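# Chain and residue survey
Here are the chains, one letter per residue:
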Amino acid sequence: MTISQAEKLAPAEMTVAIESLCDADMLKLRKIAARYAFGRPFSFDELLQEAFCRVIDGARNCPRDVSLVKFLANVMRSITSSWVKESRTQPVHLAVESNEDPDLDPMLNSADTTRTPAEVVADHQEALKIANEVMALFDDDPQAQLVLEGNMGELTAEEIRELLEIDKTAYATIKKRIRRRIDQHYPDGRKS
């Protein structure tokens, strides 16, 4: 069954809806974006921005009876899936034997031939599992989650402080809180 245009939010309505998202909803969206972007060649900000662009330009239409956060989460999931599929079809640069100076061409001999694709996938899955475990430790601490997401998204400390609108002291306090909770939860380190 297809949804009629009257049952969907128009692009102008989507713009207003996105602009009126509360801080808690934006936190949820950033958290979702960080989870989808973790370990990927794109940042959570890029993913979230792409989702906003697609709904505002009308490429994706939100049904009126669906929560905007849920809809945007599904859009980000779809975008991630699409980007991952595209990256699999991109040409892969393999290491080659060469007598030439490797400094002349940075692509020469750059591939890691010691790991199989299965090992790379296993490592990625383990990294996602660990990230989800750590994020779950801070379900009651949205600031700590944002700092962690920023770190996972490879943001600098300055970018994270700017995003959270906090100073260096507050940032250091949050980082200490994160370290303490992780140390409490994993006193002997994380066991596989």
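Criteria and thresholds
- Residues numbered from 1 in each chain as written.
- Predicted model: local features only at pLDDT ≥ 70, side-chain atom pairs only at ≥ 80, totals over all residues.
- Heavy atoms only, no water.
- Helix = DSSP H or I, 4+ residues; strand = E, 2+ residues; numbered from the N terminus.
- Buried < 20%, exposed > 50% of the residue type's maximum accessible area, 1.4 Å probe, protein only.
- Contact = heavy atoms within 4.5 Å.
- Areas by Shrake-Rupley, 256 points an atom, 1.4 Å probe, with all protein chains shown as cover.
- Core = buried A, V, L, I, M, F, W, Y, C linked by side-chain atoms within 4.5 Å.
- Salt bridge = Lys/Arg side-chain N within 4 Å of Asp/Glu carboxyl O.
- Axes fitted to C-alpha atoms, helices over the stretch in contact; angles between N-to-C directions.
- Left-handed = near helix turned anticlockwise from the far one by under 90°.
- Nonpolar A, V, L, I, M, F, W, Y, C, P; charged D, E, K, R; others polar.
- pLDDT = per-residue confidence, 0-100.
- Lys, Arg positive; Asp, Glu negative; His and termini not counted.
- Phe/Tyr/Trp six-rings, centres within 6.5 Å; stacked < 30°, edge-to-face > 60°.
- Lys NZ or Arg CZ within 6 Å of the ring centre and 35° of its normal.

## Some thoughts on the overall build of the protein chain
For the protein chain, the count of helices and strands is eight helices and zero strands. Secondary structure elements of the protein chain occur, N-terminal to C-terminal, as α-α-α-α-α-α-α-α. Each of the 192 residues in the protein chain was classed as buried or not, and the buried ones make up 30%. In the protein chain, of all internal contacts separated by at least 6 residues, the share reaching a separation of at least 24 is 64%. By element, 52% of the accessible surface of the protein chain is carried by carbon and sulfur atoms, the whole surface being about 12600 Å².

## Quick look at the side chain of Thr80
Note that Thr80 resides in helix H4 (residues 68-89). In this structure Thr80 touches Tyr36, Arg40, Phe42 and Leu47, once residues within four positions along its chain are discounted.

## Here's the deal with the nonpolar core
Counting residues in each nonpolar core, the largest one holds 41 residues, and the members touching the most others are Leu21, Leu29, Phe52 and Leu72. Residue assignment for this core shows that the elements contributing at least two residues are helix H1 (11-19), helix H2 (23-37), helix H3 (44-56), H4, helix H5 (117-136), helix H6 (142-152), helix H7 (157-164) and helix H8 (168-185). Once residues within four sequence positions are removed from consideration, Leu29 is found in contact with Leu21, Leu48, Phe52, Val69, Leu72, Ala73 and Met76.

## Here's the deal with the pattern of salt bridges
According to the stated counting rule, one finds six salt bridges in the structure shown. A salt bridge links Arg64 to Glu13; the nearest nitrogen and oxygen atoms lie 3.0 Å apart. Of this pair, Arg64 sits in the loop between H3 and H4 while Glu13 sits in helix H1, and the two are 51 residues apart along the sequence. Note on Glu13: relative accessible area 31%, which makes it partly exposed.

## Examining the packing of H2 against H6
Relative orientation of the contacting elements H2 and H6 amounts to 35°, with a least axis distance of 10 Å. The two elements H2 and H6 cross, and the hand of that crossing is left-handed. The segment H2 lies against H6, with Leu27, Arg30, Lys31 and Ala34 engaging Pro142, Gln145, Leu146 and Glu149. Looking at the contact of H2 with H6 residue by residue, the classes come out as four nonpolar, one polar and three charged.

## Description of the packing of H1 against H3
Interaxial distance between H1 and H3 falls to 8 Å at its minimum, and their mutual angle equals 145°. Residue-level inspection shows Pro11, Met14, Thr15 and Ile18 of H1 in contact with H3, the latter providing Phe52, Val55 and Ile56. Its residues assigned to classes, the contact of H1 with H3 shows six nonpolar, one polar and no charged.

## Regarding the confidence of the model for the protein chain
As a general rule, the predicted coordinates of low-pLDDT regions are not to be interpreted in detail. Averaged over every residue, the pLDDT of the protein chain is 78; residues scoring 70 or more account for 76%. The least confident element of the protein chain is H5, whose mean pLDDT is 74; the most confident is H8, at 91. Below pLDDT 50 for its whole length, residues 92-112 participates in eleven contacts with residues either more than four positions away or in separate chains.

## With respect to the side chain of Glu149
Tracing the backbone through its elements, the reader meets Glu149 in helix H6. An unpaired buried charge is present at Glu149: no salt bridge exists, and Lys31, the closest side chain of opposite charge, is 6.1 Å distant. With residues near it in sequence (within four places) discarded, Glu149 still touches Arg30, Lys31, Ala34, Phe44 and Met135.

## Let's talk about the packing of aromatic side chains
The tally for this structure, following the rule as stated, stands at one aromatic pair. Seen in terms of ring centroids, Phe42 and Trp83 are 4.7 Å apart; in terms of plane orientation they differ by 75°. Their pairing is edge-to-face. Residue Phe42 is located in the loop between H2 and H3, and its partner Trp83 is located in helix H4; the two are separated by 41 residues in the primary sequence. The ring of Tyr171 carries Arg161 above its face, with NZ or CZ at 5.9 Å from the centroid.

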